[in-house]
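# Architecture and fold: a report
Next come the chains, spelled out residue by residue.
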Amino acid sequence: MNNEQVATFVITGMTCANCSARVEKELNAQPGVAQATVNLATEKATVQFKETTAEVLIKSVENIGYGAILDDEAHQQQVAEKKQAQIKKMQRDLILSVVLVTPLMLAMIAMLLGVNASWVHFFHLPIVQLILVTPIQFGVGLRFYKGAYHALKTKAPNMDVLVSLGTTAAFLLSFYNGFLGGNPHELYFESSGMIIALILLGKYLETTAKNKTSSAIKQLMQLQAKTARVLNEDGSQSEVAIEAVTKAMKVVIFPGEQIPVDGLVVSGKTTVDESMLTGESMPVEKVVNSTVFGGTVNNNGQLVIQTLKVGNETVLARIIRMVEDAQGQKAPIQQIADRISAVFVPSVLAIAMVTLIVTGLVSGNWQAALIHSVAVLVIACPCALGLATPTAIMVGTGLGAKNGILIKGGAVLEQAAQLNAIVLDKTGTITKGKPTVTNLHIADENLLTTLVSLEAASEHPLAAAIVHYGEEKNITPLTIKHFEALPGLGIKGQVNGKTYFVGNPKLMVDKVDKENYLMKLEQWTKEGKTVMLLSDEKTVLGAVAVADEIKPTSKTAIKTLQNHGIAVYMLTGDNKAAAEYIGHQVGIAATNIFAEVMPAEKSAKVAELQQKGALVGMVGDGINDAPALALADVGIAMGSGTDIAMETADITLIHSDLSYLDQMLQLSKATIKKIKQNLFWAFVYNTIGIPFAALGFLNPIIAGGAMAFSSVSVLLNSLSLNRLKLEKRE
């Protein structure tokens, strides 16, 4: 192979940053590889190589205990099946763990409560506990042993090491006491089984959340047209696969159809719904020499376009790449417990070893020395440390869900608690995202009926706003004759035998009394509203303004954020005048408003704020917001928005109300506070208990009791989070 190639692989089996570092190191070590980067968030590896093959690279990844599948169309089904199988195996393992360990936990609780029943004694028999826990320890728990192996291999011990170390110590000590001459009443089998079951639950929730994120990319891809109607040289039309469309081809698009490629209009007039790109609900007028974009929708006129960009060059394809890249740049947050364990694990191992040697040499009783060293490992068992983060996160995310705030995991909560800048999309976020009549200047009720009647016959997107206004006024539309749409200008039709026009100022150039409406026209246009005029064949008779209204709660919500030290910015594809008018209405300074921005510029503005040191939360609701949502430190989607926005985002506000942003901040800060409290107390139990165990003042059963007590205290502290009242602050 002489030419350098670039290939992307889906990597399976990674659980932490150490895993991705290990795979990346292995790929870069392969002969012929120029550069390899592995992304834990997207679970993908991008490799530049020559003089080797994809098969060789896949084999190298498999040799170190992971899986690799070429990320192309031919292997998409295989990737989906692999991920689905992974989730199903986790489900089976979790169910098995719960089924096996539950009777042991119930028996332990019953004994502590003084219940003297035969079933309690049965489940305390060493052989019964061994039979029930062995499949959990060495079957279900095999994933933790593998993770610990890879973590130690990269010299970065993590929670997998703690779990493997603590559960193995408890299991082996229980086996010794139950079968090799120790005290058969001192068994810790149920502790090791419970630890594995609870931590597996946390990993299962994390995996399912991660898989939902990747489906946003799939939905974006589904927006790409599969075929195009090509205009042949002889004037005939033929439908071809989108892959067969090349630059300079002419493509015909009928009203209501999706535009398949980026192109230049060579024939026809229409309006196009570009909301999936710009987020703006107002349709965009297209005439000859206008540019149209693949994925947008042609509203009401037939177009012939000349193809400018196809395949990976289209705006939609670039958005897809931007979402993938932005998700990739979002480095996974290393959990606090992992940072503690990096020092804690080797320290515990060293203390246990020193305890064994010193106690053995000093006392000459090597059996007692072994018991003391095992007591060190038992008291250091990471049950409380392992529960500290996931229990608080489960309670916090559950409380969020009850309040309409859906949060994807602990890393998101940690980041949200530190945000100091919030970027808001305008349409559908600050505003309602639906055009409504805001102003009307018309002579009498009869003319209003005429206006509503004409718009009722129109298919223009803004017509619905005027018709809805008429419904609110109990106006019954009249019959329209000789109706005609005038693309790019407006409409005309006869009412009671008289011809009327509704449209933009271009349609009114030859009408008299237009000057009477110029002041209204100028004022409403400055406010970002779309203005339409009503006239007969000679005279302008009225004006109506349609705009996207601000949500009732937006102004108060923005002020609350600002009062609590959050800088608020607004991004919009709308024009500067309209953007500044909306910004003024809700209290956002002009310097914090970015208008006329396309999707790429939205994510660039987020990156710009991040480069200045801000921790940025991006709030949006459309496909056009997806790259910025993915790039932001915390992406926040409105529940009324697109599925793609919600799946790309880290947090979804179900009620589409900005006042819930402050509640989200309250919840995240409270949850992180609980996690830190949990970690502090879990660590205190260990640091106090380890010296006592090392010096022989704690036998293993007391050490086990202390370990259990620390777990209970952490769990109760996490559950106390349910008492948090998320109130609307000022």
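The written sequence of each chain sets the order in which its residues are numbered from 1. Local features are withheld for residues below a pLDDT of 70 in this predicted model, meaning they are given only at 70 or higher, and side-chain atom pairs are given and counted only at 80 or more; totals for whole chains, interfaces and linings count all residues. Hydrogens are left out, water is left out, and the side-chain values use all remaining heavy atoms of the structure.

This paragraph deals with the nonpolar core. Ranked by size, the top nonpolar core spans 43 residues in total, and within it Leu424, Ile430, Ile651, Leu661 and Met664 carry the most contacts. A run of DSSP states H or I qualifies as a helix once it reaches four residues; a run of E qualifies as a strand once it reaches two. Both are numbered from the N-terminal end. The leading source of residues in this core is helix α24 (residues 659-694), at nine residues. Segment limits for the domains were obtained from an automatic or database-derived domain assignment. Composition of this core by domain shows at least three residues from each of domain 2 (87-218 + 325-384 + 674-722) and domain 4 (393-431 + 551-669). Contact definition: two residues touch when any of their heavy atoms are within 4.5 Å. Non-local contacts of Ile651, meaning those with residues more than four positions away in its chain, are made with Ile405, Leu406, Ile407, Val412, Ala416, Val634, Gly635, Ile636, Ala637 and Met664. Definition used in this section: a nonpolar core is a set of buried Ala, Val, Leu, Ile, Met, Phe, Trp, Tyr and Cys residues joined via side-chain atoms within 4.5 Å. In this scheme, a residue with accessible area under 20% of its type's maximum is buried, one over 50% is exposed, and one in between is partly exposed, where area comes from a 1.4 Å probe on protein chains only.

Right, let's get into unusual backbone geometry. At Asn289, a position not held by glycine, the phi torsion is positive, near 80°. A positive phi angle is found at Asn496, which is not glycine, with a value near 55°. Residue placement: Asn496 occurs in the loop between β18 (490-495) and β19 (498-503). Using a relative accessible area of 74% as the deciding quantity, one classes Asn496 as exposed.

A few words now on the packing of aromatic side chains. We describe a pair of aromatic rings using the distance from one ring centre to the other and the angle between the two ring planes. Classification of ring pairs rests on two measures: the distance between centres of Phe, Tyr or Trp rings, Trp counted by its six-membered ring, which must be within 6.5 Å, and the angle between planes, read as stacked under 30 degrees, edge-to-face over 60 and tilted in between. For the structure on display, the rule yields seven aromatic pairs. Judged by centre distance (5.2 Å) and plane angle (75°), the rings of Phe122 and Phe123 are edge-to-face. Judged by its relative accessible area of 43%, Phe122 falls in the partly exposed class. Relative to Phe171, the ring of Phe138 lies with its centre 5.0 Å away and its plane at 85°, an arrangement referred to as edge-to-face. Placement of the pair is Phe138 in helix α5 (residues 126-140) and Phe171 in helix α7 (residues 159-179), with a sequence separation of 33 residues. Accessibility expressed as a relative area gives 41% for Phe138, which makes it partly exposed. Through successive ring pairs, a cluster of aromatic residues spans Phe138, Tyr145, Phe171 and Phe189. Definition used: whenever NZ (Lys) or CZ (Arg) falls within 6 Å of the ring centre and also within 35 degrees of the ring normal, the charge is taken to sit over that ring. Looking at Arg229, its charged tip hangs above the ring of Phe254, at a distance of 4.1 Å from the centre.

What follows deals with the UniProt feature "transmembrane region" (unreviewed entry) in the chain. Per the UniProt record, the feature "transmembrane region" (unreviewed entry) sits at residues 94-113, 119-140, 161-181, 187-205, 340-362, 368-388, 678-695 and 701-721. Summarising residues 119-140: 86% helix, 0% strand, and an end-to-end C-alpha distance of 26 Å. Annotated as residues 678-695, this span is 94% helix and 0% strand, and its ends, taken at the C-alpha atoms, are 26 Å apart. UniProt positions are given in the numbering used here, feature names are shortened, and annotations may be inferred rather than shown by experiment.

On to a nonpolar patch on the surface. A patch consists of residues whose relative accessible area exceeds 30% and which take part in no salt bridge; residues with like charges are grouped when within 9 Å of each other, and nonpolar side chains (Val, Leu, Ile, Met, Phe, Trp, Tyr) when within 5 Å. Only the protein chains shown count as covering a residue, and every accessible area follows the Shrake-Rupley method with a 1.4 Å probe. By definition here, a salt bridge exists when the distance from a side-chain nitrogen of Lys or Arg to a carboxyl oxygen of Asp or Glu is within 4 Å. Taken together, the side chains of Phe122, Leu125, Ile127, Ile131, Phe175, Phe179 and Leu180 define a hydrophobic patch exposed on the protein surface, amounting to about 640 Å² of accessible area. Among the secondary structure elements, those contributing two or more residues to the nonpolar patch are α5 and α7. By the element assignment, Leu125 lies in the loop between α4 (118-122) and α5.

On to the sheet that holds β18. The pairing criterion is simple: DSSP has to find at least two bridges between the two strands. One open sheet holds the six strands; their spatial order is β16-β21-β20-β19-β18-β17, and the pairing between them is antiparallel. Every other strand in the sheet has two partners, leaving β16 (431-442) and β17 (481-486) as the edge strands with one partner each. For this sheet, the mean angle separating the axes of adjacent strands, direction not counted, is 15°. In this sheet, β19 lies alongside β18 in antiparallel orientation, the contact comprising six bridges. To obtain each axis, a line is fitted to C-alpha atoms, and for helices this fit is confined to the stretch in contact; angles are then taken between N-to-C directions over 0 to 180 degrees.

Another aspect to go through is the pairing of β19. Burial analysis of β19 places five of its six residues in the buried class, which makes it a mostly covered element. Between the antiparallel neighbours β18 and β19 lie two residues, among them Asn496 with a positive phi of about 55°. Pairing of β19 with strand β20 (residues 530-535), which is carried by three bridges, proceeds in the antiparallel orientation. By the bridge assignment for β20, Val502 is matched with Leu534.

For the structure shown, the criterion picks out 10 salt bridges. The shortest N-O distance in the salt bridge between Asp93 and Arg143 comes to 2.3 Å. Placement of the pair is Asp93 in helix α3 (residues 76-112) and Arg143 in helix α6 (residues 142-153), with a sequence separation of 50 residues. Of the residues examined, Arg143 reaches a relative accessible area of 25% and is grouped as partly exposed.

This part takes up the side chain of Ser718. Structurally, the position occupied by Ser718 is in helix α25 (residues 700-719). Given a relative accessible area of 0%, Ser718 falls into the buried group. Polar contacts involving the side chain of Ser718 include one to the side chain of Asn678, which spans 2.8 Å. The contacts of Ser718, once residues within four sequence positions are left out, are Ala388, Thr391, Ala392, Val395 and Asn678. Polar contact criterion, stated in full: a pair of N or O atoms within 3.5 Å, where within protein one must be able to donate a hydrogen and the other to accept it, and residues adjacent in sequence count only if both atoms are side-chain atoms.

Those residues of helix α2 (residues 54-62) that fall on the buried side of the exposure criterion are Ala54, Leu57, Ile58, Ser60 and Val61. With its buried residues spanning 160° around the axis, α2 presents them on a single face. As used here, the arc is the angular range of directions from the helix axis to the C-beta atoms.

A few words on the packing of helix α19 (residues 554-563) against α24. In the contact formed by α19 and α24, the axes pass within 7 Å of each other and the chain directions differ by 35°. Listed contacts from α24 to Ala557, Thr560 and Leu561 of α19 are Ser659, Leu661, Asp662 and Leu665.

For helix α17 (residues 463-472), the complete set of buried residues consists of Ala463, Ala465, Ile466, Val467, Tyr469 and Gly470. The inward-facing, buried residues of α17 abut β16, α16 (445-456), β20 and β21 (540-550). Positioned one or two residues after α17, Asn474 has a phi angle of 60°, which is positive.

Taken in spatial order, the seven strands line up as β14-β26-β25-β24-β15-β22-β23 in an open sheet, and their pairing is mixed. The sheet is open, and its two edges are formed by β14 (405-407) and β23 (593-594), each paired on a single side. Inspection of the sheet shows strand β15 (residues 421-425) paired to strand β24 (residues 616-620) by four bridges, in the parallel sense. Across the sheet, Ile422 pairs through a bridge with Gly617, a residue of β24. Here α24 sits on the sheet and contacts β14, β15, β24, β25 (634-638) and β26 (651-653); the angle it forms with β14, its principal contact strand, is near 45°.

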